[in-house]
Amino acid sequence: MSALIFAAVCAYAGTAVYAALQNTPQSSLPTLAKSEGGELRGIILRCEQSLTEAPSAEAGARIPAGNFSSESAIFMPDSDGYEHIAPADLDSLDSVKLKELMQSPPEIGGGAKLIYGFDCYFAAFYKGESDIEPGPCCIRFEDDTEILRAEIVSVSRSEADCVLLLRLMLTEKLLQRRFCSAELIYN
């Protein structure tokens, strides 16, 4: 009897999943913005914290909440001194604020750090098509062949500059980047 009930529940669930996938309206899927792409030059920001005492862990290892942090984080043995700049500093991002961030001197670096969360932000000056709007996109960082999915969170235009704020999923390669250039790509 249990086997029959289990089989019936599986069949019902399978039918529901199949029907849901077949009836998904295509208009609800996000489409890439309409543009030819362009060049980006900026700074990667993550939620980070410098450490005075470091755990004994490998670079890139996820450290559980406990002695070093109230939440889980990725451990990196070296810092670059820019851990004090956080995604919260990107509120109302414009060209003046981005220039200040990119020209700010590093604080004392070299010690270990923790990186929180699963995403990071790329605040960048943009050169390319003028019809750029917030939405999904792809980017390829300098000296890299991998294309990453991203989302343009905000666009700020002035007479001289266009500034984009992009959100990306944190990858191992992004743990090492800070000041960089990238290519904005649309399919």
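Residues numbered from 1 in each chain as written. Predicted model: local features only at pLDDT ≥ 70, side-chain atom pairs only at ≥ 80, totals over all residues. Heavy atoms only, no water.

J.: I keep staring at the pattern of salt bridges and nothing clicks. Help me out?
T.: A side chain of one charge can pair with a side chain of the opposite charge when the charged atoms of the two come close. Inspection of the entire model under this criterion finds 13 salt bridges. For R178, the salt bridge goes to E48, with nearest N and O atoms at 2.8 Å. Placement of the pair is R178 in the loop between β7 (162-169) and β8 (179-185) and E48 in strand β1 (residues 38-50), with a sequence separation of 130 residues. Each member of the pair R178 and E48 is classed as buried. Notably, a salt bridge pairs R157 with E133, separated by 3.7 Å at the nearest N-O pair. Residue R157 is found in strand β6 (residues 148-157), and its partner E133 is found in the loop between β4 (113-128) and β5 (135-141); the two are separated by 24 residues along the sequence. E133 gets classed as partly exposed once you look at its relative accessible area, which sits at 43%. Via salt bridges that share partners, R46, E48, D80, E83, K113 and R178 belong to a single interconnected network. (Salt bridge = Lys/Arg side-chain N within 4 Å of Asp/Glu carboxyl O. Helix = DSSP H or I, 4+ residues; strand = E, 2+ residues; numbered from the N terminus. Buried < 20%, exposed > 50% of the residue type's maximum accessible area, 1.4 Å probe, protein only.)

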